[in-house]
Amino acid sequence: GAEDGGEFPGAATQLSLTKDPERGLSVRSQVSFAGESRYGGVKWYGRIPECRAVGCWIKMVDRSWGMIRVRDATEQEHAGGFHVTPGQWTRVEIPIVPESFGNHWGGANDGLLHFPLRVVLFAAARGPDQAEILASDLFMVVDDPDKAGRWTSEISPGTPSGIAFP
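These remarks concern the structure in this document. (Residues numbered from 1 in each chain as written. Predicted model: local features only at pLDDT ≥ 70, side-chain atom pairs only at ≥ 80, totals over all residues. Heavy atoms only, no water.)

## What about the packing of aromatic side chains?
Turning to step 1, where the next piece is worked out: The full count for this structure, using the stated rule, is 1 aromatic pair.
Turning to step 2, where the next piece is worked out: Ring geometry for Phe82 against Phe122: centres 5.8 Å apart, planes inclined by 70°, an arrangement best described as edge-to-face. With Phe82 in strand E7 (residues 77-83) and Phe122 in strand E10 (residues 117-125), this pair connects stretches of sequence that are 40 residues apart. Per residue, the accessibility class of Phe82 equals that of Phe122, and both read buried. (Phe/Tyr/Trp six-rings, centres within 6.5 Å; stacked < 30°, edge-to-face > 60°. Helix = DSSP H or I, 4+ residues; strand = E, 2+ residues; numbered from the N terminus. Buried < 20%, exposed > 50% of the residue type's maximum accessible area, 1.4 Å probe, protein only.)

## Quick word on the pattern of salt bridges
Proximity of charged atoms lets side chains of opposite charge pair with each other.
Turning to step 1, where the next piece is worked out: With the rule as written, the count across this model stands at 9 salt bridges.
Turning to step 2, where the next piece is worked out: Between Asp137 and Arg23 there is a salt bridge; the shortest N-O distance is 2.4 Å. With Asp137 in strand E11 (residues 130-141) and Arg23 in the loop between strand E2 (12-20) and strand E3 (24-32), this pair connects stretches of sequence that are 114 residues apart.
Turning to step 3, where the next piece is worked out: As a salt-bridge pair, Arg71 and Glu77 come within 2.5 Å of each other at their nearest N and O atoms. By the burial criterion, Arg71 is buried, and Glu77 matches it.
Turning to step 4, where the next piece is worked out: The network of salt bridges with common partners includes Arg69, Arg71, Glu75 and Glu77. (Salt bridge = Lys/Arg side-chain N within 4 Å of Asp/Glu carboxyl O.)

Structural data, given as structure tokens:
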């Protein structure tokens, strides 16, 4: 889904599917910043069982770093960052350990990651007042990818935006 940085109003995020010549089908997030807005991007909702890392391929047109946020089973938010090469696809892999996330709040508010994870957000911070992010091939890294440990998607009424990672 689209993320408009809700606690800092003013961003407008538009999502679309696009066929990139290098990565194939991907999600394009175009963000316009205004007012107090600080970030915007692509958010995935679902259920991620215990894993060592999450990631995806990211392309940011004019930025060299981005933000990741995950929401855990207690509704605690964990925020961290990642680096990319502007204008190029970069494989971003974030270890799911407290050290990867410099900030946390809400839920248990203990800094620990409680599985299953419920939301993963890849976002651009406000820099210039426009941002474009392309995301492809969301993944998780597990030690034993047995059938019970695979990701599942949930479809329910009221889910924001209604677009999913390809």
